[in-house]
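# Fold and geometry: a report
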Amino acid sequence: PANVWGPVFAITAGDGRRLTPPRSPGWLVLREGAPVLLAEEHGRALTTLAAWQPGDLPGAIDALGSLLRRPPSGRPGRRLEVATWDGAPVERTDMVKPLKAVGLR
């Protein structure tokens, strides 16, 4: 599938690495038009981007949780299972509790 974000946004990870926009299903979470979180592989891999600020966490989690609140026909799947946060297993990060709180696995 085509990726419309590639020519629009320079996607840079929080550590400064330039990221290639994925061609697999995923989402880009924005704050005031700035990309702050990249969700790849149906949400399994979450990567904070250069514009990420600690205050973005509640909004980013709510944005991902909103996918689960859609009517069944509009959901990307029955669940979102997060495996990694910034390349580390999510269980080893402090993100596991907030993610689980909105229904993500």
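This text goes with the structure placed above it.
Residues numbered from 1 in each chain as written. Predicted model: local features only at pLDDT ≥ 70, side-chain atom pairs only at ≥ 80, totals over all residues. Heavy atoms only, no water.

### Section: unusual backbone geometry
The bulk of non-glycine residues show a negative phi, and the bulk of peptide bonds are trans. Filter applied, for reference: Secondary structure elements follow DSSP: runs of H or I of four or more residues count as helices, runs of E of two or more count as strands, with numbering from the N terminus.
Its identity as a non-glycine residue notwithstanding, Glu 32 has a phi of 50°, on the positive side. Residue position: Glu 32 is located in the loop between strand E1 (27-31) and strand E2 (34-40). In this model, Asp 86 sits at a positive phi of 50°, which is unusual for a non-glycine residue. Considering the arrangement of structural elements, one finds Asp 86 in the loop between strand E4 (84-85) and strand E5 (88-89).

### Quick word on helix H1 (residues 57-68)
Just so we agree on the cut-off: One less than the number of residues in a helix, times 1.5 Å, gives the span that helix is expected to have. Accessibility here uses a 1.4 Å probe with only protein chains present; expressed as a share of the type maximum, an area under 20% marks a residue as buried, one over 50% as exposed, and anything in between as partly exposed. It is the directions from the helix axis to the C-beta atoms that the arc portrays. Contact criterion: two residues are considered in contact whenever any of their non-hydrogen atoms come within 4.5 Å of each other.
In this model, H1 (12 residues) spans 17 Å end to end at C-alpha, consistent with the 16 Å of a helix rising 1.5 Å per residue. If you check which residues of H1 are buried, you get Leu 57, Ala 60, Ile 61, Leu 64, Gly 65, Leu 67 and Leu 68. Axial view of H1: buried residues confined to an arc of 140°, hence all on one face. Where H1 is buried, its residues contact E1, E2, strand E3 (45-48), E4 and helix H2 (96-101).

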